[in-house]
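Residue-level structural notes
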Amino acid sequence: MPITLVIHGGAGNITPAIMNKEQEAQYHAGLEEALQKGYSVLAGGGAAIDAVVAAISVMEDNPLFNAGRGAVFTKKGLNEMDAAIMDGSNLAAGAIAGVRNIKNPIKLAREVMLHSGHVFLSGKGASEFALKQGIEMAPDEYFFNKSRYDQWVEIRDSDFYQLDHKEDNLKGPLPKTNPDYKYGTVGAAACDAQGNLAAGTSTGGMTNKRYGRIGDSPVIGAGTYANNATCAISCTGHGEYFLRAVVAHDISCLMEYKGMTLQQACDKVIKDKLVKMGGEGGLIAVDAQGNYDFCFNSAGMYRAMKNNEGKEIVAYYGNE
Ligand code: ASP
């Protein structure tokens, strides 16, 4: 049986021109660590869902990525995080939105899936559930990151919100994309030795987001989806577009109802439908035959893949 793990650390205008060697090395190390951690679960006969949690937790602990510890700041100067996980073997899912002080939001999403009797919890209720389940919490200082704080200070008095990393990356509601942006959300999708699929996504959303804004990442079917019969998918990009295009489930539907291959379905949605809407970003995907796809319409996407055919990829730019 094929076993495969794919991960991403966000998409956007990721080109050699904006990355120096040191940054490349940092991202490489961050992706590599998450890949190996997740893959070792699969190689040891573990379940896809556990591999997804293992890989994402590593990236949530790394301030380089906009998830967990590296989550961006909201209009009110807080770190509010979203995450989702889905088990393709039984279509079980768990998601959380707008949570604070949760060290690893992906672990809370898994707990929601397994023990809440619900699928999607938000804000204070999600925190209450986290406390009850003994989920690890972290103080505000843990989430403080100087560069992300400075980004926020630049725009906190404006109506703009920003898609991670770049200070000249200012956006209004449903903005046109700026040529100099990156998204920093993290995600993983896996196929285990039993042929079970799983996917997960975790994010801090967008700098200066307000009104309790929630993106696509925690919305099952938009930013995250898994179904053994079709595929497992985690998206990254401008959430307002991914939500309206219901990206992850649309790809699953194209495979289920139209018989498309994984790659055909991903291309159709990311490189055709989403482009026509003006939405930028990408995704990682696997199917139960061990096929995988990295698909994005932005200049680059932090991404990695490892399978049991001895293949391993860590890449960022468009032409790799
Ligand atoms: N999709 C995420 C959101 O809109 C952002 C990202 O992918 O970086 O919240």
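Just so we're clear, the structure is a prediction, and the values are computed from it rather than from any experiment.

Here we take up the overall build of the protein. Scanning the protein from N- to C-terminus turns up eight helices and 14 strands. At 18 Å, the protein has a C-alpha radius of gyration in line with the 20 Å of a compact globule built from 320 residues. Expressed along its principal axes, the backbone C-alpha trace of the protein runs to roughly 55 × 45 × 35 Å. Evaluated residue by residue, the protein yields a buried proportion of 61% over its 320 residues. Considering only contacts in the protein between residues 6 or more positions apart, those separated by 24 or more positions represent 66%. Counting every atom, the protein has about 12,300 Å² of accessible surface; 51% of that belongs to carbon and sulfur. Placing the 30 positive and 36 negative side-chain charges of the protein at their respective mean positions leaves the two points 4 Å apart.

Let us look at the confidence of the model for the protein. Per-residue confidence for the protein averages 91 on the pLDDT scale, and 92% of its residues sit at or above 70. Within the model, pLDDT remains below 50 along residues 165-180, and this stretch shows 48 contacts once partners closer than five positions in the same chain are excluded.

One open sheet accounts for four strands, arranged 9-10-11-12; its pairing is antiparallel. Strand pairing shows two members of the sheet lacking a second neighbour, strand 9 (224-226) and strand 12 (292-296), which therefore form its edges. Put simply, the sheet's adjacent strands are angled 10 degrees from each other on average, direction ignored. Relative to the sheet, helix 8 (residues 262-277) contacts strand 11 (281-286) and strand 12, its axis offset from that of strand 12 by approximately 15 degrees.

The subject of this paragraph is the sheet that holds strand 7 (residues 186-191). The mixed open sheet is built from eight strands, whose spatial order is 4-3-2-8-7-1-13-14. Of all the strands in the sheet, just strand 4 (120-122) and strand 14 (312-317) have a single pairing partner and so form its edges. Between one strand and the next, the sheet's axes are offset by a mean angle of 5 degrees, whatever the strand orientation. Where strand 1 (residues 4-12) meets strand 7, five bridges bridge the pair, whose relative direction is antiparallel. Bridge assignment links Val-6 to a residue of strand 7, and that residue is Ala-189. Against the sheet, helix 2 (residues 48-60) makes contact with strand 1, strand 2 (81-87), strand 7 and strand 8 (197-203), and its axis sits at roughly 155 degrees relative to strand 7, the strand it touches most. Sitting on the sheet, helix 3 (residues 105-115) is in contact with strand 2, strand 3 (92-99), strand 4 and strand 8, with an inclination near 130 degrees to strand 3.

About the criteria used
- Residues numbered from 1 in each chain as written.
- Predicted model: local features only at pLDDT ≥ 70, side-chain atom pairs only at ≥ 80, totals over all residues.
- Heavy atoms only, no water.
- Helix = DSSP H or I, 4+ residues; strand = E, 2+ residues; numbered from the N terminus.
- Rg over C-alpha atoms; globule rule 2.2 N^0.38 Å.
- Buried < 20%, exposed > 50% of the residue type's maximum accessible area, 1.4 Å probe, protein only.
- Contact = heavy atoms within 4.5 Å.
- Areas by Shrake-Rupley, 256 points an atom, 1.4 Å probe, with all protein chains shown as cover.
- Lys, Arg positive; Asp, Glu negative; His and termini not counted.
- Charge placed at Lys NZ, Arg CZ, Asp CG, Glu CD.
- pLDDT = per-residue confidence, 0-100.
- Pairing = 2+ DSSP bridges.
- Axes fitted to C-alpha atoms, helices over the stretch in contact; angles between N-to-C directions.

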